[in-house]
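Spelled out, the chains give:
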Amino acid sequence: MDVEIQNMVATTYIAKKLDLNEIAKALPNTSYRPNLFPGLVFHINEPKAAFLLFKSGKVVCTGAKNIENVRKAIYTLCDILSEKGFKVLRKPKIEIQNIVASANLHGNLNLTKIAFSIGLENVEYEPEVFPGMVYRMEEPRVVLLLFGSGKIVCTGAKKPEQVMEAVKKIRRKLEEKGLLM
């Protein structure tokens, strides 16, 4: 069973307030169009990450694939802003909001049988609208997208351990019911 984190979304506050107009002038490769969206978009290459900066001092970081790179990316952003003369925290408190991961069960899935077997109250399956089945797992509290190919997308986890737990749990459930071929 292959499980790989594809993206982590984290939030933090790096200042009490940010002057996004001044940051847009000071940093290359930013996108700030307040008439369309209230946040400033900024990218870094090492580690690869994208940021949404808001006037409130809040920052959303996306694109990193592990917690260490989330931390490095946010600290890099703070260093860049500090070097440009902006007052920001050097090591702000970071919260992981969402982890998106993919997994492969290495077997085919009959999604119709699975939907009836694991309980329709936690399942959305409309194959004419979307080719995957949406399964809302209660513990850990994540959403799994299951596909007939045996591939899974897991979203909603806040810790990597929750991803592993969810994938192991669904695999075990499918094997016990003879639904993983």
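Preceding block: the structure.
Residue numbers here run from 1 along each chain, matching the order of that chain's written sequence. Selection of residues for local features in this predicted model requires a pLDDT of at least 70, selection of side-chain atom pairs for listing and counting requires 80 or more, and totals for whole chains, interfaces and linings are taken over all residues. For side-chain calculations, the full set of non-hydrogen atoms in the structure is used, while hydrogens and water are omitted.

A. Helix H3 (residues 111–118), seen in detail. Those residues of H3 that fall on the buried side of the exposure criterion are Leu111, Ile114, Ala115 and Ile118. Down the axis of H3, the buried set is contained in an arc of 100 degrees. They therefore lie on one face. Within H3, the exposed residues directed more than 90 degrees away from the buried face are Lys113 and Phe116. Two N or O atoms form a polar contact when they lie within 3.5 Å of each other; inside protein one atom must be a possible hydrogen donor and the other a possible acceptor, and for residues adjacent in sequence the pair counts only when both atoms belong to side chains. Each helix is a run of DSSP H or I of at least 4 residues and each strand a run of E of at least 2, with the numbering of both proceeding from the N terminus. Of the residues that open H3, the one with a side-chain oxygen 3.2 Å from the backbone nitrogen of threonine 112 is asparagine 110. Just beyond H3, the residue with positive phi is glycine 119, at close to 105 degrees. Burial classes: relative accessible area under 20% of the type maximum marks a residue as buried, over 50% as exposed, and values in between as partly exposed (1.4 Å probe, protein chains only). Regarding the arc, it is the one traced by the directions from the helix axis to the C-beta atoms.

B. Local environment of the state of the cysteines. Pairs of cysteine sulfur atoms within 2.5 Å are what we label disulfides. Following the criterion strictly, the structure yields zero disulfides and no others. The closest cysteine sulfur to the non-disulfide-bonded cysteine 78 is located on cysteine 61, 10 Å from its own sulfur. In this model cysteine 154 remains outside any disulfide bridge; the closest cysteine sulfur is found in cysteine 61, 19 Å from its own.

C. Fine view of the packing of aromatic side chains. Each Phe, Tyr or Trp ring (for Trp, its six-membered ring) is paired with any other whose centre lies within 6.5 Å, and the angle between the two planes then decides the class: stacked below 30 degrees, edge-to-face above 60, tilted in between. This structure, assessed with the given rule, holds three aromatic pairs. Aromatic pair phenylalanine 37 and phenylalanine 54: ring centres 5.9 Å apart, planes at 65 degrees, arrangement edge-to-face. Residue phenylalanine 37 is found in the loop between strand E2 (30–31) and strand E3 (40–45), and its partner phenylalanine 54 is found in the loop between strand E4 (48–53) and strand E5 (58–64); the two are separated by 17 residues along the sequence. The exposure class assigned to phenylalanine 37 is partly exposed, which follows from its relative accessible area of 36%. Ring centres 5.8 Å apart and planes at 65 degrees place the aromatic pair phenylalanine 130 and phenylalanine 147 in the edge-to-face group. One end of the pair, phenylalanine 130, is in the loop between strand E7 (123–124) and strand E8 (133–137); the other, phenylalanine 147, is in the loop between strand E9 (142–146) and strand E10 (151–157), and 17 residues separate them in sequence.

Fair warning: the whole summary comes from geometry, so function is off the table for now.
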